[in-house]
Amino acid sequence: MKSRSALLTFPKAVMDKPIISRLLKSCDVEVNIMQAFISPSEDGRMLAIFLGEEEALSGAFRFLEECSVAVRHPSRNVWLDEKSCVHCGACVAQCPSEALVLDPATLEVRLDEEKCTGCGLCVPGCVYGALESIGELLAAGGEGPVCDWREPGRR
Amino acid sequence: MRLERTWEEINEKLRAGSAVVVTAEEMAWISRSEGIRATAGKVDVVTTGTFGPMCSSGAFLNVGHTSPRIKLQKAWLNDVPAYAGLAAVDVYIGATSLPEGDPANSVFPGRFAYGGGHVIEDLVAGKSVLFRGEAYGGDCYPRRSVEAELDLASMGDAILVNPRNAYQNYNVAVNASIERPIYTYLGILRPGAANAGFSSAGQLSPLLNDPLYRTIGLGSRILLGGGEGYVCFHGTQHDPDVRRNERGVPMEGAGTICVAGDLKGMRREYVRGVSIRGYGVSLAVGIAVPVPILDEQMAAFTSVSDEDILAPVVDYGSDYPEHGGAPPLGMVSYAELRSGCFELRGKRVRCSSISSYPRARAIAGELRDLMMEGRFLLSRPVAPLPGAAGYPGGRPA
């Protein structure tokens, strides 16, 4: 099983179609919806984590593109700002996927981007303002200055 | 032969560059392999350190006189209210002060993005802040209002004062009684005591290396925020009369120190505003305190390691907010806390700190290096902390 996060953009024209339901019926993937902004008056946006085998994931993203949904993959789910981090470790106990860990030798915080699912639970746990998640950036109404998207289609 | 060193002898060696100075962490390693007696013979000074949020913090700022003069009645820095009930252009910016109009916890849990602690951090980082003041006017001080961009360099004086800091041990917080996450100053705590938050440098912490206050007292020269500072009094809530183990180490929050230093000599690395979700804003400060090894007892005290220091596990879902004085749910050592999880009543609890051990280690290391180079000497206290030997009502050391 692999996990991959994706930002989906739903054009207004497809807003009435149950695209995620159809996706789940036709592709062998699991979808965890982290953020969704869907309204009839503008393009909808959704941040979701897809779980499945490599082939099923590719199939799912192809399916979405065939439904006119733009699929982009954030280069990262969570940003750890080294200049602000003091390595207290408060984020570590908030991280359900153990992507944030303390290095046992230095007791400094390390972020394993492969393990990070982008849930964002670590962000409110950081009192020093050193963590930002893709979910928070979207909720704040933008893709953010630090948001470096991968080319669509490059997986 | 009984080993004894005087303050003066140690300072002589520091001046000559021949003193042996180690951090409290190194001291614990050395004495474990070489024994207390041999270590006491070798080491002259142990440097201790801590870095964590302490709400009892703030800065006195003399913002400089204007033409014509003003006697401030109300003042704001970046919209954060400062206390102006002092002399004409002296104000006090408290760490937990919130900007006018901050939503605070009206939508719970509040973000508390900016406040007094951040103003102090911005000043230390060399940024300018918008200063606004209002006054009622008078013959000496006719001006009624002022607005100016100010940075630290343009101010007359800026003195960081922590009426309470370097808490000697502290609570470990869990949420054992509320069926939702609670937002505490020790972190976000999930129900069922699923995780725990704590805040202490443990074996590196100043007062845990001098548990009976034999050497740390009024007038001790320290590093505060990375610059020079002093212990100027006992801290608020200083309580020497708590439960202690057989080595004198307190088993709960005990002694505290009031410290002050020149904000102009400090660095952002050790002076940080913090935004604690659902709780408020505060200021994290780094402190390092030297402890002279006057005799074997001081060598034994400074050899304390995380395994020897126990902290009480307190329910922040009920006992803490109720202030009911219920007994702790359990005791846990800092060695267990540092490992990332401990067992509470048969259940695994993940834990994390809101203070930074690596930063405490760094500031203790900076003080060690300064002392080894002869650039930082010991200052002998002019008066002891309450509870120290020789203090009225104090304990024999």
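**Q** I would appreciate a short explanation of the overall build of chain B in the present structure.
**A** A tally of helices and strands in chain B yields eight helices and 24 strands. The globule rule puts the C-alpha radius of gyration for 397 residues at 21 Å, and the 22 Å found for chain B is close to it. Seen through its C-alpha atoms, chain B measures out along the principal axes to roughly 70 × 60 × 35 Å. A buried classification covers 57% of the 397 residues belonging to chain B. Across chain B, the fraction of contacts at a sequence separation of at least 24, relative to all contacts at a separation of at least 6, is 73%. For chain B, the computed accessible surface area is about 15800 Å², with 51% contributed by carbon and sulfur atoms.

**Q** Explain the environment of Gly265 of chain B to me, please; I cannot follow it from the model alone.
**A** Residue and element names in this part refer to chain B. Along the chain, the position of Gly265 falls in the loop between β17 (257-262) and β18 (271-276). Along the primary structure Gly265 and Glu228 are separated by 37 residues, whereas in three dimensions their C-alpha atoms are 7.1 Å apart. Residues contacting Gly265, with those up to four places away along its chain left out, are Gly226 and Gly227.

**Q** Sorry, what's going on with the environment of Glu34 of chain B here?
**A** Residue and element names in this part refer to chain B. Among the secondary structure elements, Glu34 is positioned in helix α2 (residues 24-34). With residues near it in sequence (within four places) discarded, Glu34 still touches Thr39 and Lys42. Here Lys42 takes part through its side chain, which lies 2.3 Å from a polar atom of the side chain of Glu34.

**Q** Help me understand the packing of aromatic side chains in this model?
**A** Aromatic rings considered in pairs are described by the distance between their centres and by the relative angle of their planes. Residue and element names in this part refer to chain B. Taken as a whole and assessed by the stated rule, the structure comprises 11 aromatic pairs over all chains. Aromatic pair Phe60 and Tyr92: ring centres 4.6 Å apart, planes at 50°, arrangement tilted. Remark: Tyr92 occurs in strand β6 (residues 90-94) and Phe60 occurs in strand β3 (residues 58-62); sequence separation between them is 32 residues. Ring geometry for Tyr170 versus Tyr185: centroids 6.4 Å apart, planes at 55°, classification tilted. Here the residue Tyr170 occupies a position in the loop between β9 (157-165) and β10 (172-174), and Tyr185 occupies one in the loop between β11 (182-184) and β12 (187-189), the gap between them amounting to 15 residues. Here Tyr170 falls in the buried class, since its relative accessible area comes to 17%. Take Tyr185: its relative accessible area is 17%, and that puts it in the buried class. Chaining the aromatic ring pairs together yields one cluster made of Tyr167, Tyr170, Tyr185, Tyr279, Tyr316 and Tyr320. Cation over ring: Arg359 sits above Phe51, and NZ or CZ is 6.0 Å from the ring centre.

**Q** Which parts of the structure should I look at to understand the side chain of Ser275 of chain B?
**A** Within the secondary structure layout, Ser275 of chain B lies in strand β18. Residue classification places Ser275 of chain B among the buried residues on the basis of a relative accessible area of 14%. A polar contact of 2.7 Å, which involves the side chain of Ser275 of chain B, links it to the backbone oxygen of Phe112 of chain B. Polar side-chain contacts of Ser275 of chain B include one of 3.2 Å to the side chain of His118 of chain B. Among all residues touching Ser275 of chain B, those that are not within four sequence positions of it are Cys126 and Val127 of chain A together with Arg111, Phe112, Ala113, Tyr114, His118 and Gly280 of chain B.

**Q** Sorry if this is basic, but what is going on with the interface of chain A and chain B here?
**A** Accessible area lost when the parts come together is the quantity often used to give the size of an interface. Across the contact, 23 residues belong to chain A and 27 residues belong to chain B. Each partner contributes to the roughly 1900 Å² buried at the junction of chain A and chain B, and carbon and sulfur atoms together form 46% of this total. For the pair chain A and chain B, the interface holds zero salt bridges. Taken together, the residues that form the side of chain A that touches chain B break down as 13 nonpolar, six polar and four charged.

**Q** Explain the domain arrangement of chain B here, please?
**A** Residues and elements named next belong to chain B. What the domain assignment reports for chain B is domain 1 (7-55 + 163-214 + 240-260 + 276-379) and domain 2 (58-160). The gap between the C-alpha centroids of domain 1 and domain 2 is 33 Å. With 15 residues of domain 1 in contact, the opposing surface of domain 2 contributes 19 residues. Summing both sides of the interface, domain 1 and domain 2 together bury roughly 1200 Å²; the carbon and sulfur share of this comes to 69%. Of all residues in domain 1, Arg277, Val281 and Leu283 bury the most surface against domain 2, accounting for 49% of the area lost on that side. At the surface where domain 1 touches domain 2, the tally comes to zero salt bridges. Counting every contact that joins domain 1 to domain 2 gives two residue pairs in polar contact (both at pLDDT 80 or more). Broken down by element, the residue count for the side of domain 1 that touches domain 2 peaks at five residues, all from strand β19 (residues 280-292). The residue makeup of the side of domain 1 that touches domain 2, split by class, is 10 nonpolar, three polar and two charged.

**Q** Just checking my understanding: could you explain the pattern of salt bridges for this structure?
**A** Note that side chains of opposite charge can pair when their charged atoms are close. Residues and elements named next belong to chain B. Tallying each qualifying case throughout the model produces 23 salt bridges over all chains. Residue Arg214 pairs with Asp295 through a salt bridge whose shortest N-O separation is 2.8 Å. One end of the pair, Arg214, is in the loop between β13 (195-198) and β14 (217-218); the other, Asp295, is in the loop between β19 and α5 (296-302), with 81 residues separating them in the sequence. Looking at Asp295, the relative accessible area reads 10%, which means it is buried.

**Q** Please clarify how the side chain of Asp295 of chain B should be interpreted in this entry.
**A** Here Gln297 of chain B takes part through its backbone nitrogen, which lies 3.2 Å from a polar atom of the side chain of Asp295 of chain B. Beyond its immediate stretch of four places on either side in the chain, Asp295 of chain B contacts Leu3, Glu4 and Arg214 of chain B.

**Q** Just checking my understanding: could you explain a negative patch on the surface for this structure?
**A** Residue and element names in this part refer to chain A. A contiguous patch of negative charge, built from Asp81, Glu82, Glu108 and Glu132, is present on the exposed surface. You can see Glu132 is positioned in strand β8 (residues 131-133). Among the residues examined, Glu132 registers a relative accessible area of 36% and is labelled partly exposed.

**Q** When you look at the domain arrangement of chain A in this model, what are you seeing that I'm missing?
**A** Residue and element names in this part refer to chain A. Domain annotation of chain A identifies domain 1 (2-72) and domain 2 (78-139). Averaged C-alpha coordinates put domain 1 and domain 2 at centres separated by 26 Å. Each partner contributes to the interface: domain 1 provides seven residues, whereas domain 2 provides eight residues. Summing both partners gives a buried area of about 630 Å² for domain 1 against domain 2, and 70% of it is carried by carbon and sulfur. Together, Met34, Gln35 and Leu47 form the three largest contributors to the area buried by domain 1 at its contact with domain 2, with a combined 47%. On inspection of domain 1 and its partner domain 2, the count reaches zero salt bridges. Across the contact surface, domain 1 and domain 2 share zero residue pairs in polar contact (both at pLDDT 80 or more). Counting only elements with at least two residues in the side of domain 1 that touches domain 2, the list comes to β2 (30-39) and β3 (42-52). Residue classes in the side of domain 1 that touches domain 2 are distributed as five nonpolar, one polar and one charged.

How each quantity is defined
- Residues numbered from 1 in each chain as written.
- Chains lettered and ligands numbered in written order.
- Predicted model: local features only at pLDDT ≥ 70, side-chain atom pairs only at ≥ 80, totals over all residues.
- Heavy atoms only, no water.
- Helix = DSSP H or I, 4+ residues; strand = E, 2+ residues; numbered from the N terminus.
- Rg over C-alpha atoms; globule rule 2.2 N^0.38 Å.
- Buried < 20%, exposed > 50% of the residue type's maximum accessible area, 1.4 Å probe, protein only.
- Contact = heavy atoms within 4.5 Å.
- Areas by Shrake-Rupley, 256 points an atom, 1.4 Å probe, with all protein chains shown as cover.
- Polar contact = N/O pair within 3.5 Å; in protein donor to acceptor, adjacent residues only side chain to side chain.
- Phe/Tyr/Trp six-rings, centres within 6.5 Å; stacked < 30°, edge-to-face > 60°.
- Lys NZ or Arg CZ within 6 Å of the ring centre and 35° of its normal.
- Buried area = accessible area lost by both parts, 1.4 Å probe.
- Salt bridge = Lys/Arg side-chain N within 4 Å of Asp/Glu carboxyl O.
- Nonpolar A, V, L, I, M, F, W, Y, C, P; charged D, E, K, R; others polar.
- Domains from an automatic or database assignment.
- Patch = residues over 30% accessible without salt bridge, like charges linked within 9 Å, V, L, I, M, F, W, Y side chains within 5 Å.
- Lys, Arg positive; Asp, Glu negative; His and termini not counted.
- Charge placed at Lys NZ, Arg CZ, Asp CG, Glu CD.

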